[in-house]
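Fold and geometry: a report
Now for the letters of each chain:
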Amino acid sequence: MKILHVYRNEPTDEVKKLVEILNEGNEAQEFKLYEAKEDADYDKLIQLIFEADKTISWW
């Protein structure tokens, strides 16, 4: 299963552990909105969402 993790803020240690558990046996990608700020590539984000079987937003 392809999982996409979308982060609004830098993940905490707890979130990183949860992501690690969720990613076991799956193909995973990350999209870090907090790094891009106003220059986020939303076209790329939409493409990744449609390619993923599951998208998880970490707000």
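The structure reproduced in this document is the subject of the present report. (Residues numbered from 1 in each chain as written. Predicted model: local features only at pLDDT ≥ 70, side-chain atom pairs only at ≥ 80, totals over all residues. Heavy atoms only, no water.)

1. With respect to empty space enclosed by the protein
Applicable threshold: Of the two site types, the cavity is a set of points on a 1 Å grid over the protein atoms alone where a 1.4 Å probe fits but cannot get out, and the pocket is an open set with protein on both sides within 12 Å along at least five of seven lines, each lined by residues with an atom within 4 Å of a point. Grid points are joined across faces, edges and corners, and a volume is the space filled by probe spheres set on the points. Only runs of H or I of at least four residues qualify as helices and only runs of E of at least two qualify as strands under DSSP, and these elements are numbered from the N terminus. When residues are grouped by polarity, Ala, Val, Leu, Ile, Met, Phe, Trp, Tyr, Cys and Pro land in nonpolar, Asp, Glu, Lys and Arg in charged, and all others, Gly among them, in polar.
A full pass over the atoms with the stated rule returns one cavity of 30 Å³ or more. Taken as a whole, the largest cavity holds about 60 Å³ of empty space. Elements with a minimum of two residues in the lining of the largest cavity: β1 (2-7), β2 (27-32) and α3 (42-51). Here the lining of the largest cavity is composed, by residue class, of five nonpolar, one polar and three charged.

2. Let's talk about the pattern of salt bridges
Just so we agree on the cut-off: Should a side-chain nitrogen of Lys or Arg be within 4 Å of a carboxyl oxygen of Asp or Glu, the pair is scored as a salt bridge. Each residue gets one of three labels from its accessible area relative to the maximum for its type: buried under 20%, exposed over 50%, partly exposed in between, using a 1.4 Å probe on protein chains only.
Applying the stated criterion to the full structure yields two salt bridges. A salt bridge links glutamate 20 to lysine 17; the shortest N-O distance between them is 3.8 Å. Placement of both glutamate 20 and lysine 17 in helix α1 (residues 13-23) is noted, with a separation of three residues, approximately one turn of the helix. Owing to a relative accessible area of 47%, glutamate 20 belongs among the partly exposed residues under this scheme.

3. Notes on the nonpolar core
Generally speaking, nonpolar side chains in soluble globular proteins are found buried as a group. To keep it simple, the criterion reads: For our purposes a nonpolar core is just a set of buried Ala, Val, Leu, Ile, Met, Phe, Trp, Tyr and Cys residues, chained together by side-chain atoms within 4.5 Å. Contacts: residue pairs with any heavy atoms within 4.5 Å of one another.
Core analysis: the biggest nonpolar cluster contains eight residues, these being Leu4, Val6, Phe31, Leu33, Ala40, Leu45, Leu48 and Ala52. Listing elements by their share of this core, those giving two or more residues are β1 and α3. If near-sequence neighbours (up to four positions away) are discounted, leucine 4 is found in contact with Gln29, Glu30, Phe31, Leu45, Leu48, Ile49, Ala52, Lys54, Thr55 and Ile56.

4. Re the pairing of β2
Rules: Whether two strands pair depends on DSSP finding at least two bridges between them. Crossover handedness is defined here as right-handed if the route from the first strand over the helix to the second strand goes clockwise, with the strands pointing away from the viewer.
Where β1 and β2 come together, six bridges link them in parallel fashion. The partner of valine 6 across the bridge, within β2, is phenylalanine 31. Handedness of the crossover joining β1 and β2 through α1: right-handed.

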